[in-house]
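Listed below are the residues making up each chain.
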Amino acid sequence: MSSYLRIRDLHKKFGDFTALRNVSLDVEEGEFVCFLGPSGCGKTTLLRAIAGLDLQTHGSIEQAGRDISTLPIAERDFGIVFQSYALFPNLTIERNIAFGLENSGRPRAEIARRVTELLDLVGLADQREKYPAQLSGGQQQRIALARAIATSPGLLLLDEPLSALDAKVRVHLRHQIKELQRKLGVTTVMVTHDQEEALSMADRIVVMNHGVIEQIGTPTEIYREPRSLFVADFIGETNQLHATLSAPGCFTLGRTCLQGMTDGLAPGQPIIVTIRPEDIIPHAPGSQPAGSERGLLDVTVGEMEFLGSFWRSRLTGAALGGEQLYADFSINAVRRLSLDEGADLTIELPASRLIAFPAGEDHGHRG
Amino acid sequence: MATAAEEALPKGRPAKARPVRPKLGRDDLIMRAFMVVIALYLVVALALPLYAMLSKSFSTFRFDLTAYEFQVSDEQGSFAVPPVSAAALNEELQAVPPENLATNGDGRLPATSFFPDFSFRSPVMYRIRATGDDASYLIGSERFAGSRWQEVDSNDFRRVMLRPVRDIGLANYATYFSTPSLFRSVENSLIISVISTVITVLLAFGFAYALNRSCMPFKGVFRLIAMAPILVPSLLPGIALVYLFGNQGMLKAFLLGESIYGPIGIVIGSVFFTFPHAMIIITTALAISDARLYEAAECLKASRWKTFWTVTVPGARYGLISAAFVVFNLVITDFGLPKVIGGQFNMLAVDIYKQVIGQQNFEMGAVVSVVLLFPAVLAFTVDRIVQKRQVAALSARSVPYQPKPKPRFDALAFVYCSLIAVFILGLLGVCQFAALIKFWPYDLSLSLKNYAFDLMDGGGWDSYYNSIRMAFLTAIFGTLVVFIGAYMVEKTRGFESGRSLFQLLAMLPMAIPGMVLGLAYIFFFNDPRNPLNALYGTLAILVVCTVTHFYTVSHLTAMTALKQMDREFESVAASLKQPFYKLFRVVTVPVCLPTILDISIYLFVNAMTTVSAVVFLYSPTTTLASVAVLNMDDAGDIAPAAAMGMMIFYTNAGARILHLIVSKGVLRRTQAWRFR
Amino acid sequence: MTFRSICLTAAAASLLIAAAAKAETELTVYTAVEAEDLKRYAETFNKDHPDIKINWVRDSTGVVTAKLLAEKNNPQADVVWGLAATSLLLLKTEGMLEAYAPKGVEMLDKKFVDNSAPPAWVGMDAWVAAVCFNTVEAEKLGLPAPKSWKDLTNPVYAGHVIMPNPNSSGTGFLDVSSWLQLFGEKDGWAYMDGLHQNIARYTHSGSAPCKLAASGEIPIGISFAFRGAKSKAEGAPIDIIVPEEGVGWDMEATAIVAGTSKLDAAKTLVDWSISKTANEMYNTGYAVVAMPGIAKPVEFFPDNLIEKMIDNDFEFAANNRAAILQEWQRRYDSKSEPKG
């Protein structure tokens, strides 16, 4: 069976600027998918193409087996929440939510019942008589959501729905939206530039850059197995080390040989090796933990920065060949190893967490 | 067969490369249809008439000498000599030089020109016929055409006149630029406009500066008074000036023997009627200047004088430039004022009127119109560019300036504004006073005799009621067309080329002087071949003309309001499967109601005061109050003209007050959501 | 129902319909007659012909002529009643008038009837040039009363004379054409050159100079006698002066516009417009009317006016109109500074 939303070879040009290039994507029914990327990467363009707000230059979109590529907005089946919410300012909350229910042959009482149900669902039952301007940003956001799902659309499109809110409300609403989506089982596409939002909410993330899809995967896949330097760099934090590939699975950093994930790279090629700060394992200076002899380096601790739940430390040393590493050490580890600025330390770089990319292109793909 | 042919074709580009064309939904189609309808309205009400006028300016008349033949008898009356064409005669005699063959529609060329030894007492007989299709000639006042010979004796032959035929060419322009009395007006118009602009902008800047930067009392009252000239026709100050500085004027001595009829009168009157326009623009420019710059200047111990020149003036520069071009445009295209007070001083707009109404020379009227278009379009273009810059400057957030009391400066500001207020109220007061005087200057008793409009030219009281009817219709119909047009152009999805074309059409009216528009309407609508010919002479054409004349400002106002609406409302409504017109009715119109009311009062007031465009278009059943002012003044009934002018003032003032009350009431009901 | 009663009913019905149809005849009449007289004209006419309703289109001579010419291919008017004969001659040369000899045309002075047969237009009354002289202002300024046209070129009057612009005003044109006829082409223009030196400004309308003289705005206004008599009757301190060389005049005349769909009603109106009743009606304002022996003296009208009327050559005026106006404009319309 084919997927719920099938996007094939989508291109979008604005004059000479190519906003989308060869985008193909499948979204399964009931899935929560996030489009993630820096501004100008094409994520919003893609969402607007799905909604029919800005038509693609060419390429096709199918929804539930129906070709919707060229359909006008009104003939597609989706609800949408914009960054601005676009609540009708002169209509009460109740009438805003009821807007899409009117003129559809539903009796008045049923509309009222549905509005009440939706207000309960978003937890704003006591606000129905108010105007949008009288609500807080978070409340307005929930009203926009209620309005979008009022007609039970097959697809819910969220365009940066949380970006206008302050941090605390944002975190709270993430859970609410995710929960609501699970409850309703509605296929949802959300555009965001906030990776935390994407990682915490999405079933799958579509990372985009310069109008192309860099990687599609579950949040863990995206985080742990980035398929390009761009993804590795854009999602979370990562160390980048310049190295040379000496043999498959083996590269030289300074005078140290390390093992890592080097699929598809040719020996002799200059590469960039990435490792996330929290994947660096600290050991007592000079210790040799079993099974990790190829990934051990002796370093010196530079500055240490206390970031609440962990310490971020800058590591230097001859073994790094002039490069430096940032490592996040738990408070426990710091206490256990008596780490302090200037202390010596042996670190382990697990081969499975060292991922190599060809150097020279900032968004080079592996494999 | 078809399938075979298709199969025979080579495979095209892969399907994915084929650009996607949107299927249009019902909403898209309806919106585009609306836009097309309103664009068509603008084409019919603006573009086509202008085209008709342009082609008229190239329509010329000339005597076609090849189209006439003469035959002359001997003294016994027998025609022995073969006929000869007028062209051949002229070739031989050089009687009429080629430049004299160009003429206007009323031209006549005596046939005797080609017979130097003609004598009306001679027994010689003459025959004449027209060989060309269009050619005609007169014997006395009888018109003849066709190739049948007409025989006349010598006494009647002197009454034979050749009539011109229509032609196309630049002859009208050549005539214009070689006739000093016409060409002189270009210079006159430019000089008067520049002088009036400099004076108005300086005075208005002072006024706006006092309003913005001083703590003088009665600011609201001053602002109100400064706006009053907008409510009267531009020719009303002219009438007041006649009473003040005319030969029987109350203050004649102040002119030191100079005459008010001419440049002096035009400039003073122009300052009066353009003052509010300049003041509004400059006030806006001063209001956006940044208080932090003044704090910085104060910290740097800059003198007030230096601060003024380094902070205030540069900050308001776009406003000043914009005001200058707006005033320039108003003055150069105004017709009423120079008509009333200009005396023998010719200006372009008056020339159009003189050519058309006085001399029935429609072609030359069209030529002058085209000439007047140049400065008008230029001023308009510069103003638009400057306005764009100012908007850009405005978007940067700044801290508004709060004036602090400075007793000496405030007193100075108060005196200055009082003087301006006295000037404005004085002119209006003089008009009202003159309207109530029985017979200036011989019988100063008060009387209402000047209000017996029915006994004067101009259409009487009917024209007053017509004006109100016309202003109402203009306000209603105009607001409808303008707002819907602006909505469609702002909110229609795609259709870029159509939308830019619409924008261009909507901006065009501002560059077209009223006189030019009115004349263009005659050419376009008074053509029997035009299916819209039935409109000619109706109130409807006055409404259409006025709406079109004032389209641009209304359109821009509507666009500003619509741009402030969330761009995604339409998307949301469409995703909820609600038609756009529901959104328009339930959300757009209620939210934009204050703007809609503003547009309608703007149209109402202007419809009451406009003279220039409608002066060519009114009919006996659709005379207008503003035109009545002109015509009564024209016939020497100056006091009744002043009386009617003041009627317009009170009506507009009343309409404004009504607008204020209605706005407040409507706002309370529909804009509750604005208040938390 | 008997056959008889059916016939009667039918006859009555058709009469009613005919009456209704007749009552509904509306004529669009273009006119340059003074606004305040129009009501009286229509009322007097409707006393005899209540079945024809007149819709007036009134404007100054120039405007009405311009309007008619502009509508040449699409005439809106049925009848022109009260427009300068010079203008009607112009329309005649454009083939715009329906030739018609109204009933009783033989009763009119030949001067007042177009010389074609049948005539294209018939005259109503004469409208004669005169000078309005404000005695109060003249005394203040120490101006003597002018006796002749030539007097007006006297430098003492510099800046104290106003006349209508012949380009826009019928009165202005008849002045100019009368001077050209009185003094000859060359001397006529020379005279106007001299007069031009004294003119304060040229007005658009023909009645304005007299009204301005009446209100003291200017001491001397070249206008027409009828207007002067009216202003004087209103109490203005003016004298109406008839220059001794003779005065130009034009007549107000009536014609049917060719192509009218209401020819019968139009003929009825034109027949009536030359009737004795109509001529008596014109006499209220005009001392000279088309039907001889009707005119009674008009209050404040100068006595010697009629004998001073020149022998006007309308054909000359009409056929040279374009050339005269062009020459006038070339000479006098380029005045850039107004005279004080």
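Residues numbered from 1 in each chain as written. Chains lettered and ligands numbered in written order. Predicted model: local features only at pLDDT ≥ 70, side-chain atom pairs only at ≥ 80, totals over all residues. Heavy atoms only, no water.

A.B. asks: Sorry if this is basic, but what is going on with the nonpolar core here?
C.D. replies: Looking at soluble globular proteins, one finds that nonpolar side chains tend to be buried together. Counting residues in hydrophobic clusters, the biggest one holds 244 residues, and the most contacted among them are L46(A), I239(B) and F616(B). Discounting chain neighbours no more than four positions away, the residues touching L46(A) are I7(A), L10(A), L20(A), V23(A), L25(A), F35(A) and M208(A). Core analysis: the next-biggest nonpolar cluster, separate from the first, contains 108 residues, L90(C), W179(C), F183(C) and M251(C) among them. (Core = buried A, V, L, I, M, F, W, Y, C linked by side-chain atoms within 4.5 Å. Buried < 20%, exposed > 50% of the residue type's maximum accessible area, 1.4 Å probe, protein only. Contact = heavy atoms within 4.5 Å.)

A.B. asks: Can you walk me through the interface of chain A and chain B in this structure?
C.D. replies: Accessible area lost upon the coming together of the parts serves often as the stated size of an interface. Each partner contributes residues to the interface: chain A has 40 residues there, and chain B has 34 residues. Counting the surface lost from both chain A and chain B, the interface buries some 3100 Å², and carbon and sulfur atoms represent 62% of this. Contact with chain B buries surface across chain A, with T70(A), N90(A) and F99(A) losing the most and accounting together for 18% of the total. Here chain A and chain B share two salt bridges between them. A salt bridge links E102(A) to K582(B), with the shortest nitrogen-to-oxygen separation between them at 2.6 Å. (Buried area = accessible area lost by both parts, 1.4 Å probe. Salt bridge = Lys/Arg side-chain N within 4 Å of Asp/Glu carboxyl O.)

A.B. asks: For this particular structure, what's the right way to read the state of the cysteines?
C.D. replies: Here a disulfide denotes a covalent bond joining the sulfur atom of one cysteine to the sulfur atom of another. Residue and element names in this part refer to chain C. Enumeration according to the criterion identifies one disulfide over all chains in this entry. Each sulfur of the disulfide joining C132 and C210 lies 2.0 Å from the other. Disulfide C132 to C210: torsion about the S-S bond roughly -85 degrees, handedness left-handed. Taken together, the positions of C132 in strand β5 (residues 122-134) and C210 in helix α8 (residues 208-214) put the pair 78 residues apart, joining distant regions of the chain. Each member of the pair, C132 together with C210, is buried. (Disulfide = S-S within 2.5 Å. Helix = DSSP H or I, 4+ residues; strand = E, 2+ residues; numbered from the N terminus.)

A.B. asks: Explanation requested: the domain arrangement of chain C in the structure shown.
C.D. replies: All names here are of chain C. Assigned domains within chain C: domain 1 (25-126 + 250-283) and domain 2 (127-249 + 305-332). If you average the C-alpha positions of domain 1 and of domain 2, the two centres end up 27 Å apart. Contacts between domain 1 and domain 2 engage 17 residues on the former and 18 residues on the latter. A combined buried area of about 1500 Å² lies between domain 1 and domain 2, and 64% of that area is made up of carbon and sulfur atoms. (Domains from an automatic or database assignment.)

A.B. asks: Is there a simple way to explain the domain arrangement of chain B in this structure?
C.D. replies: Structurally, chain B comprises domain 1 (62-167), domain 2 (175-241 + 251-412) and domain 3 (453-674). Placing the centre of domain 1 of chain B and that of domain 2 of chain B at their C-alpha centroids yields a distance of 56 Å.

A.B. asks: What should I look at first to understand the arrangement of the chains in this one?
C.D. replies: In this assembly two pairs of chains touch, with chains B and C having more contacts than any other pair. One finds no contact between chain A and chain C; the C-alpha atoms of the two approach each other to within 50 Å at their closest.

A.B. asks: Help me understand the interface of chain C and chain B, please; the structure alone is not making it clear to me.
C.D. replies: Between chain C and chain B, the contact holds 61 residues from the first and 57 residues from the second. Put simply, chain C and chain B have four salt bridges between them. In this structure, E315(C) engages R159(B) in a salt bridge whose closest nitrogen and oxygen atoms are separated by 2.3 Å. Remark: the boundary between chain C and chain B carries 18 residue pairs in polar contact (both at pLDDT 80 or more). Broken down by element, the side of chain C that touches chain B gets its largest block of residues, seven residues, from helix α3 (residues 61-70) of chain C. Its residues assigned to classes, the side of chain C that touches chain B shows 21 nonpolar, 22 polar and 18 charged. (Polar contact = N/O pair within 3.5 Å; in protein donor to acceptor, adjacent residues only side chain to side chain. Nonpolar A, V, L, I, M, F, W, Y, C, P; charged D, E, K, R; others polar.)

A.B. asks: Please clarify how the side chain of K43(A) should be interpreted in this entry.
C.D. replies: Residue and element names in this part refer to chain A. Inspection of the secondary structure assignment puts K43 in helix α1 (residues 43-51). Residue K43 is classed as buried on the basis of its relative accessible area, which comes to 4%. A polar side-chain atom of K43 sits 3.1 Å from the main-chain carbonyl oxygen of G37. Polar contacts involving the side chain of K43 include one to the main-chain carbonyl oxygen of P38, which spans 3.4 Å. Leave out the neighbours within four places in its chain, and K43 touches F35, L36, G37, P38, E160, V191, T192, H193 and M208.

A.B. asks: Quick question: what am I supposed to make of the pattern of salt bridges here?
C.D. replies: Opposite charge on two side chains allows them to pair when their charged atoms are near. In this structure the tally under the stated criterion is 43 salt bridges over all chains. The salt bridge involving K56(B) is made with E363(B); its shortest N-O contact spans 3.8 Å. Here K56(B), found in helix α2 (residues 26-57), pairs with E363(B), found in helix α15 (residues 362-395); they are 307 residues apart in sequence, far enough to count as distant. Residues K103(C) and D271(C) are paired through a salt bridge, measuring 3.6 Å at the closest nitrogen-oxygen approach. Taken together, the residues span a long stretch of sequence, with K103(C) in the loop between β4 (97-98) and β5 and D271(C) in helix α10 (residues 263-273) at a distance of 168 residues.

A.B. asks: Would you mind going over helix α7 (residues 219-227) of chain B with me for this structure?
C.D. replies: Since there are 3.6 residues in each turn of an α-helix, residues three or four apart along the chain are aligned in direction. Residues and elements named next belong to chain B. Of all the residues in α7, the buried ones are F222, I225 and A226. One face of α7 carries all of its buried residues, which in axial projection span an arc of 100 degrees. Here the buried face of α7 lies against α6 (180-213), α9 (263-287) and α16 (407-436). (Arc of directions from axis to C-beta.)

A.B. asks: What exactly am I supposed to notice about the packing of α3(C) against helix α4 (residues 85-93) of chain C here?
C.D. replies: Each pair of packed helices can be summarised by the angle the axes make with each other and by the distance between the axes. Residues and elements named next belong to chain C. At a closest axis distance of 10 Å, the pairing of α3 and α4 adopts a crossing angle of 10 degrees. With respect to α4, the axis of α3 lies roughly parallel. Along the contact surface, α3 presents T61, T65, L68 and L69, while α4 presents S87, L90 and L91. Among the residues forming the contact of α3 with α4, the class breakdown is four nonpolar, three polar and no charged. (Axes fitted to C-alpha atoms, helices over the stretch in contact; angles between N-to-C directions. Parallel < 35°, antiparallel > 145°, perpendicular 65-115°, else oblique.)

A.B. asks: When you look at the packing of aromatic side chains in this model, what are you seeing that I'm missing?
C.D. replies: By convention here, two paired aromatic rings are described through the distance between centres and the angle between planes. Under the counting rule described, the total for this entry stands at 66 aromatic pairs over all chains. An angle of 80 degrees between the planes, with centres 4.9 Å apart, marks the rings of F524(B) and F525(B) as edge-to-face. What makes F524(B) buried here is its relative accessible area of 14%. A relative accessible area of 1% places F525(B) in the buried class. Each residue in the set F70(B), F114(B), F115(B), F118(B), Y126(B) and F157(B) is aromatic and connected to the rest through ring pairs, giving one cluster. R276(A) extends its terminal NZ or CZ atom over the ring of Y223(A), reaching a point 3.9 Å from the ring centre. Over the ring of Y318(B) we find R317(B); its NZ or CZ atom is 4.7 Å from the centre of that ring. (Phe/Tyr/Trp six-rings, centres within 6.5 Å; stacked < 30°, edge-to-face > 60°. Lys NZ or Arg CZ within 6 Å of the ring centre and 35° of its normal.)

A.B. asks: What should I look at first to understand the confidence of the model for chain B in this one?
C.D. replies: Low pLDDT marks stretches whose predicted atomic positions should not be read closely. Looking at chain B as a whole, the pLDDT averages 88, with 96% of positions reaching at least 70. For chain B, the element scoring lowest by mean pLDDT is helix α1 (residues 2-8) of chain B, at 41; helix α20 (residues 539-549) of chain B scores highest, at 96. (pLDDT = per-residue confidence, 0-100.)

A.B. asks: I would appreciate a short explanation of unusual backbone geometry in the present structure.
C.D. replies: With glycine set apart, most residues show a phi of negative sign, and most peptide bonds adopt trans. Put simply, W440(B) and P441(B) share a cis peptide bond, and its omega is -5 degrees. Checked against the element boundaries, P441(B) lands in the loop between β12 (437-439) and β13 (443-446). Here A117(C) and P118(C) are connected by a cis peptide whose omega angle stands at -5 degrees. Tracing the sequence through the fold places P118(C) in the loop between β4 and β5.

A.B. asks: Would you explain the sheet that holds strand β20 (residues 355-358) of chain A in this entry?
C.D. replies: By definition, the strands of a sheet pair up through backbone hydrogen bonds, in either a parallel or an antiparallel sense. Residues and elements named next belong to chain A. Taken in spatial order, the five strands make up an open sheet running β13-β12-β11-β14-β20, and their pairing is antiparallel. The open sheet terminates on both sides in strands that have one partner only, identified here as β13 (256-259) and β20. Within this sheet the neighbouring strands show an average axis-to-axis angle of 45 degrees, counted without direction. Across four bridges, strand β12 (residues 250-253) lies against β13 in antiparallel orientation. Within β13, the residue paired with F251 across the bridge is L258. (Pairing = 2+ DSSP bridges.)

A.B. asks: Quick question: what am I supposed to make of the confidence of the model for chain C here?
C.D. replies: All names here are of chain C. Here chain C averages 86 in pLDDT, and 91% of its residues register 70 or above. Below pLDDT 50 for its whole length, residues 18-22 participates in one contact with residues either more than four positions away or in separate chains. Segment residues 335-340: pLDDT under 50, and 15 contacts once partners within four positions in sequence are set aside and those in other chains are kept. For this predicted complex, the interface score ipTM comes out at 0.86, alongside a pTM of 0.85.

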